[in-house]
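# Topology and contacts: notes
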Amino acid sequence: MLSRLTLLFVFCLPAVAPAQNSHSDLVALFQEWRSFHAPAMVDGVPDYTAEAMSARHTALPAWYDKLAAIDTTGWPVSEQIDVYLVWAEMNGLDFAHRVKSPWTRMPAFYIWFYPSPTDVPEREGPNIFGAIELPNYATPLSAADADELTRRLAAAPALYEQARINLTGNARDLWSSGIMSIDAQTGQLQGFADTVEPAFPDLATSARTAAEASASFAEWLRAELPEKTGLSGVGKENYSWNMRNVHLLPYDWQDEVDLMWRELYRSHASLRLEEARNQGLPELDRIDSPQAYDAAIGQAIEDMLAFFETSDIMDVEPYFEPALREQAGSYQPIGRADDLRNFFAEVMYRDPMTMRLHHYHWIDLARMREDPHPSPIRATPLLYNIFDSRAEGVATGLEEMMTHAGIMDDRPRGREQMWIMLAMRAARAIGGLHQHGGEMTMQEATEFAEKWTPRELFPAESSLNQWEQAFYLRQPPYGSSYVTGKAEVERILAAYSRQQGASFSMREFFRVFNDAGVIPTTLIYWELTGDRGLLDQVLER
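Residues numbered from 1 in each chain as written. Predicted model: local features only at pLDDT ≥ 70, side-chain atom pairs only at ≥ 80, totals over all residues. Heavy atoms only, no water.

### A few points about empty space enclosed by the protein
Here the structure, examined in full by the defined rule, presents 3 cavities of 30 Å³ or more. Taken as a whole, the largest cavity spans an internal volume of roughly 60 Å³. Every residue lining the largest cavity is listed: Y239, A429, G432, L433, H436, Y472, P476, P477, Y478, G479 and S480. Elements represented by at least two residues in the lining of the largest cavity include exactly α19 (412-436) and α22 (478-500). For the lining of the largest cavity, the element with the highest residue contribution is α19, accounting for 4 residues. Along the lines of polarity and charge, the residues of the lining of the largest cavity split into 7 nonpolar, 4 polar and no charged. (1 Å grid on protein atoms, 1.4 Å probe; cavity = no way out; pocket = protein on both sides within 12 Å on 5 of 7 lines; lining within 4 Å. Points joined across faces, edges and corners; volume = space filled by probe spheres on them. Helix = DSSP H or I, 4+ residues; strand = E, 2+ residues; numbered from the N terminus. Nonpolar A, V, L, I, M, F, W, Y, C, P; charged D, E, K, R; others polar.)

Here it is, written out as structure tokens:
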């Protein structure tokens, strides 16, 4: 199938004769594909039974044939790119059935209630269809929304009855980490019930029933855990296939390991040089009050947006600042002066600028709402986190790129925070890669990340370290996408600027880069440079 599609979608100059198919035909196919992809709902519960999943995978080849039948002769590059997005989603479904099988191997797949927003277009991980995304409901809740949530939460007991039948896998780390996730959900449901009870007692009752079902499911998982002895990673060959055919990136498992080690060494060396430069300067104090927190975060947002404009980096749209302020969070006290918050808070409470740059995520999401891509395919969040190299790559890349551009010139100790962040991301990615390679357990991966994160800010037993290694085990190659994506954004910037020569403008670069949408970086490279050679490398490997 790969070679067939590669031949079909070779970039062509516009033909004299009109194309037999138009882009609207592809959009129609995409919409049909998404309807097919969604599992059937039975009494409010998605059907992930063995019979339903077998039928879905059996039907997949026919969808490849439908896609291959679309004649793209004469299509512009922007429309040809959309074909590959649909193809990548089909490959994602194939990989889910052949390798990941989250409905049989991952208890966390059955999380039904998400109280907090995600910062990327589609929630990270393999997630069950139809889960409740509480941030999608307006606050305060309307009576109609409360009725809808009451009904959806009532499906939890039936969902967990089905899950007990579906979960036949033997992946120990996925199983044990799933218990952690289900326990967290139980607490969140109980807290939600307490919050809504005064206004909506029926909703509170439904939430408590869902919490009881969640707690009972967790107890069942604990009882089954001693029998789970298998590895949880997908293996090096499968990991590499997923990189190329789903995420459309020119790397295999070993390429990523090599890149992560390079960035890990570079970040540690750069941190030491920065520390030498800054010797004699006072250490950064942690923010210590709600008032100081609000002032520091607000000032960092203002400084960042002003820097974008005054340094001619990018256009600042009216929706940027509200999007960033909405996700600014609030001050979280700690018990003792030597206690640690989670890693990102420890960085942010010392100097919030690096995390504000990473919060470009929220600008991306605001742009998708306020200024969506004209193609319905790109305007729709991609399945299987296919966007990760772009979404995480630019958020991570901006931390270092803007530091080089001068945003930290008056925050010398803040530059140290940037290198610490990069070291942590490379270290946790190496652990995740070795989990998938069958060379580390999840616990060993968390210990590796602790060892290689500077200043002891990422303890192996911290909930964040445990949660992130669990998630990256569930969804290859997300854990490496931050650093790999950063490298790919740098590749695009380098190639585009060389083409532009003396007329290059950083503002124009970010304009066309953002206009391409939150899609794989390989496809953005093609759209911005007109060179599909990088994509061909992916398809030929």
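### A few points about a negative patch on the surface
A cluster of acidic residues, E444, E447, E450, E456 and E461, forms a negative patch on the protein surface. Relative to the helices and strands, E447 is located in helix α20 (residues 442-452). Note on E447: relative accessible area 39%, which makes it partly exposed. (Patch = residues over 30% accessible without salt bridge, like charges linked within 9 Å, V, L, I, M, F, W, Y side chains within 5 Å. Areas by Shrake-Rupley, 256 points an atom, 1.4 Å probe, with all protein chains shown as cover. Salt bridge = Lys/Arg side-chain N within 4 Å of Asp/Glu carboxyl O. Lys, Arg positive; Asp, Glu negative; His and termini not counted. Charge placed at Lys NZ, Arg CZ, Asp CG, Glu CD. Buried < 20%, exposed > 50% of the residue type's maximum accessible area, 1.4 Å probe, protein only.)

### A few points about the layout of surface pockets
Roughly 1400 Å³ of internal volume is contained in the second largest pocket. Along the wall of the second largest pocket there are 50 residues; nearest its centre are P121, E122, R123, E133 and N136. Among the elements that line the lining of the second largest pocket, the one with the most residues is helix α16 (residues 360-370), at 4 residues. The residue makeup of the lining of the second largest pocket, split by class, is 31 nonpolar, 11 polar and 8 charged.

### With respect to the packing of aromatic side chains
Using the criterion set out here, one finds 35 aromatic pairs in the structure. Between Y496 and F509, the ring centres sit 5.6 Å apart and the planes meet at 50°, which makes this aromatic pair tilted. Taken together, the residues Y496 in helix α22 and F509 in helix α23 (residues 506-515) connect sequence positions 13 residues apart. Each of the two residues, Y496 as well as F509, counts as buried. Each residue in the set W467, F471, Y472, Y478 and Y482 is aromatic and connected to the rest through ring pairs, giving one cluster. (Phe/Tyr/Trp six-rings, centres within 6.5 Å; stacked < 30°, edge-to-face > 60°.)

### Points about the pattern of salt bridges
Under the counting rule described, the total for this entry stands at 42 salt bridges. Between R325 and E302 there is a salt bridge, and its shortest N-O distance comes to 3.3 Å. Of this pair, R325 sits in helix α13 (residues 320-326) while E302 sits in helix α12 (residues 290-310), and the two are 23 residues apart along the sequence. For E302, a relative accessible area of 41% translates into the label partly exposed. Where R428 meets E468, a salt bridge forms, and the shortest distance between an N and an O atom there is 2.6 Å. Of this pair, R428 sits in helix α19 while E468 sits in helix α21 (residues 463-474), placing them 40 residues apart in sequence. Each of R272, E275, E283, R413, E416 and R455 takes part in salt bridges that share partners, so that together they form one network.

### A look at unusual backbone geometry
Excluding glycine, residues mostly carry a negative phi; peptide bonds, for their part, are mostly trans. In this structure, P140 follows T139 across a cis peptide bond, with omega equal to 0°. Position of P140 relative to the elements: it lies in the loop between β4 (132-133) and α6 (143-153). For the peptide bond that leads from P476 to P477, omega is 0°, which places it in the cis range. Looking at where P477 falls in the secondary structure, it is placed in the loop between α21 and α22. Located in the positive-phi region is N385, a residue other than glycine, with phi close to 50°. Locating N385 in the fold gives a position in the loop between α17 (376-379) and α18 (388-405).

### With respect to the confidence of the model for the protein
Of the residues in the protein, 96% have a pLDDT of 70 or more, and the chain-wide mean is 95. Across residues 1-19, where pLDDT falls below 50, the model places 39 contacts with residues more than four positions away in sequence or in other chains. (pLDDT = per-residue confidence, 0-100. Contact = heavy atoms within 4.5 Å.)

### Description of helix α4 (residues 77-100)
For α4, with 24 residues, the first-to-last C-alpha span of 32 Å sits near the 34 Å given by 1.5 Å per residue. Among the 24 residues that make up α4, 21 are buried, leaving the element largely enclosed by the rest of the structure. (Expected span 1.5 Å × (residues − 1).)

### A look at the nonpolar core
Ranked by internal contacts, the top residues of the largest apolar core, which has 173 residues, are Y110, Y160, F192 and F343. A per-element tally of this core places α4 first, with 13 residues. (Core = buried A, V, L, I, M, F, W, Y, C linked by side-chain atoms within 4.5 Å.)

### A word on the environment of F30
Tracing the sequence through the fold places F30 in helix α2 (residues 23-37). Classification of F30 by relative accessible area gives buried; the value is 3%. Counting along the chain gives 131 residues from F30 to E161, while the straight-line C-alpha distance between them is 33 Å. Here F30 is in contact with V86, E89, P376, I377 and T380, once residues within four sequence places are set aside.

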